[in-house]
Amino acid sequence: MNPKWNSISRLAQRTQGVITASGIKTAATEGRITATHDGPGGKWLIDTTDPTVMEWLEQAQRIQDRTPTPEELRAENEELKTRLKEKEDKLEAALKELAETRAETLRLIDWYARRLTVSDAVKPHSRLTPPVSPKQAGRCK
């Protein structure tokens, strides 16, 4: 077969995403593109130098050029996984800090609650002096 001429199925493969085989056949039967037919039940051969067909082929090539390769997709996937892991680590660290802050707050609330329930014999100013937390004790040394 002359490379200038393609069957409908071959042209449909080359123009995937732009036009279907039935669209090509319709254009050929209506005379919108240059094509020949081998008689009843015969094959259609489409001229690939026809301006309309060339436009379809160019559009398909642009689509093909924009489509990332499997290697590019894998690299992008790995990059996304890495960024997700970094965000998970930051979130985990923030949650740990929040838990520590909450535990310290609950410890102080508990300490104040116990001091407020102590008998009146304790001096009022000594009842409300909070203890030094382990975090604060490290700063005082």
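Bear in mind that the values here come from a model prediction, so they are computed numbers and not experimental data. (Residues numbered from 1 in each chain as written. Predicted model: local features only at pLDDT ≥ 70, side-chain atom pairs only at ≥ 80, totals over all residues. Heavy atoms only, no water.)

Caption draft 1: Summary view of the overall build of the protein chain. Across its full length, the protein chain holds six helices and three strands. Of the regular secondary structure in the protein chain, the N- to C-terminal order runs β-α-α-β-β-α-α-α-α. Relative to its 141 residues, the protein chain shows a buried fraction of 18%. Of all intrachain contacts in the protein chain linking residues separated by at least 6 positions in sequence, the fraction that spans at least 24 positions is 46%. In the structure as shown, the protein chain presents an accessible area of about 10900 Å², 56% of it carried by carbon and sulfur atoms. (Helix = DSSP H or I, 4+ residues; strand = E, 2+ residues; numbered from the N terminus. Buried < 20%, exposed > 50% of the residue type's maximum accessible area, 1.4 Å probe, protein only. Contact = heavy atoms within 4.5 Å. Areas by Shrake-Rupley, 256 points an atom, 1.4 Å probe, with all protein chains shown as cover.)

Caption draft 2: Inspection of the packing of aromatic side chains at higher detail. According to the stated counting rule, one finds one aromatic pair in the structure shown. With 5.2 Å between their ring centres and 75° between their planes, tryptophan 111 and tyrosine 112 make a pair best called edge-to-face. Judged by its relative accessible area of 30%, tyrosine 112 is partly exposed. (Phe/Tyr/Trp six-rings, centres within 6.5 Å; stacked < 30°, edge-to-face > 60°.)

Caption draft 3: Broad picture of the sheet that holds strand 2 (residues 35–37). The three strands lie next to each other as 1-3-2, forming an open sheet whose pairing is antiparallel. Two strands bound the open sheet, and with one partner strand each, they are strand 1 (5–7) and strand 2. Taken pair by pair, the neighbouring strands of this sheet meet at an average axis angle of 30°, ignoring direction. Bridge count between strand 1 and strand 3 (residues 44–47): three bridges; the pairing is antiparallel. (Pairing = 2+ DSSP bridges. Axes fitted to C-alpha atoms, helices over the stretch in contact; angles between N-to-C directions.)

Caption draft 4: How the structure looks around the nonpolar core. Formed by 13 residues in total, the largest nonpolar core has its most connected members in Leu11, Ile24, Ile33, Ile46, Val53 and Trp56. The contact partners of tryptophan 56, leaving out residues within four places of it in the chain, are Thr15, Val18, Ile19, Ile24, Ala27 and Ile33. (Core = buried A, V, L, I, M, F, W, Y, C linked by side-chain atoms within 4.5 Å.)

Caption draft 5: The side chain of asparagine 6, seen in detail. Tracing the backbone through its elements, the reader meets asparagine 6 in strand 1. Assessed through its relative accessible area of 7%, asparagine 6 is described here as buried. In this structure the side chain of asparagine 6 is engaged in a polar contact, spanning 2.6 Å, whose partner is the side chain of arginine 14. (Polar contact = N/O pair within 3.5 Å; in protein donor to acceptor, adjacent residues only side chain to side chain.)

Caption draft 6: Focus on the pattern of salt bridges. Applying the stated rule across the entire model yields six salt bridges. Between arginine 32 and glutamate 30 there is a salt bridge, with its nearest N and O atoms 2.9 Å apart. Note that glutamate 104 and arginine 107 form a salt bridge whose closest N and O atoms lie 3.0 Å from each other. With a gap of three residues between them, glutamate 104 and arginine 107 both fall in helix 4 (residues 70–116), about one helical turn apart. Look at arginine 107 and you get partly exposed, because its relative accessible area is 30%. (Salt bridge = Lys/Arg side-chain N within 4 Å of Asp/Glu carboxyl O.)

Caption draft 7: Summary view of helix 2 (residues 21–29). Where helix 2 is concerned, the buried positions are Gly23, Ile24, Ala27 and Ala28. Buried residues of helix 2, viewed axially, fall in a sector of 135°; they line one side. Summarising the contacts, the buried residues of helix 2 are in contact with helix 1 (8–14), strand 2, strand 3 and helix 3 (51–66). Positive backbone phi, at 80°, marks glycine 31, one or two positions downstream of helix 2. (Arc of directions from axis to C-beta.)

Caption draft 8: Region of interest: the side chain of aspartate 47. Relative to the assigned elements, aspartate 47 resides in strand 3. Not counting residues up to four positions away in its chain, the partners in contact with aspartate 47 are Lys4, Trp5, Thr34 and Val53.

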